[in-house]
Amino acid sequence: MRFGLRESLFMLLLLAMPVAAYFFVFAPRNVQIAEAREEIRQKEVKLQQLEAATRSIEDLGQEIDKLSQTIEVFEAKLPAQREVEVILQQVWEMATRHKLVPKSVRTDKPVTASRYSELPIKMVIVGDFDGFYSFLLDLERLPRITRCPKMQLKKMGVNEDGQMQADVILSIFFDSEETGNTADRSRS
């Protein structure tokens, strides 16, 4: 048997076919298979984490019931919007009971969330530090949910013995079923 140019070319083409198939078919497929295996491995890790988390919660239904009861307790502490004026009056009376002089009380626009609203109240109070500290302790004991996101204390003049001015933003949370505007009020 004699190999000529034609036969050599044919043999070369036959040998090139598997090499080309490797680079154009098998190598890209191997990359896809490796990516799929990595994705499966990641999903198995997440599944193991989920199984571990569900094992740590003995009874998921019981845990949901506990959380629902906790939410109900917090919602019970939310007054209706019509009761916000009563809470403002309580705060005013607490301040005067601790010998503080509320210079002004202004309500801002209510911030509404899904099941509640937050009413920021800007207060300027003048008095001694002990009275202000007692006022904050009583404020903390209120049966309603309140928070004090911002407070600035300033010492009054040298002639004012221990007097200070407190610029306070107090937030009162209330049931947002009845949304409306609460009128601003200032006292001097």
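Residues numbered from 1 in each chain as written. Predicted model: local features only at pLDDT ≥ 70, side-chain atom pairs only at ≥ 80, totals over all residues. Heavy atoms only, no water.

Draft legend 1. Main features of the pattern of salt bridges. Following the criterion strictly, the structure yields six salt bridges and no others. The closest approach of N and O atoms between Glu38 and Arg41, which form a salt bridge, is 2.6 Å. With a gap of three residues between them, Glu38 and Arg41 both fall in helix H1 (residues 5–56), about one helical turn apart. Residue classification places Arg41 among the partly exposed positions, given a relative accessible area of 42%. (Salt bridge = Lys/Arg side-chain N within 4 Å of Asp/Glu carboxyl O. Helix = DSSP H or I, 4+ residues; strand = E, 2+ residues; numbered from the N terminus. Buried < 20%, exposed > 50% of the residue type's maximum accessible area, 1.4 Å probe, protein only.)

Draft legend 2. Looking closely at a nonpolar patch on the surface. Residues Val19, Tyr22, Phe23, Phe24, Val25 and Phe26 make up a contiguous nonpolar surface patch of about 680 Å² in total accessible area. Look at Phe26 and you get partly exposed, because its relative accessible area is 48%. (Patch = residues over 30% accessible without salt bridge, like charges linked within 9 Å, V, L, I, M, F, W, Y side chains within 5 Å. Areas by Shrake-Rupley, 256 points an atom, 1.4 Å probe, with all protein chains shown as cover.)

Draft legend 3. Region of interest: unusual backbone geometry. Positioned with a positive phi, Lys99 is a non-glycine residue whose angle comes to about 60°. With respect to the helices, strands and loops of the structure, Lys99 is situated in the loop between helix H3 (84–97) and strand S1 (101–107). Of the residues examined, Lys99 reaches a relative accessible area of 73% and is grouped as exposed.

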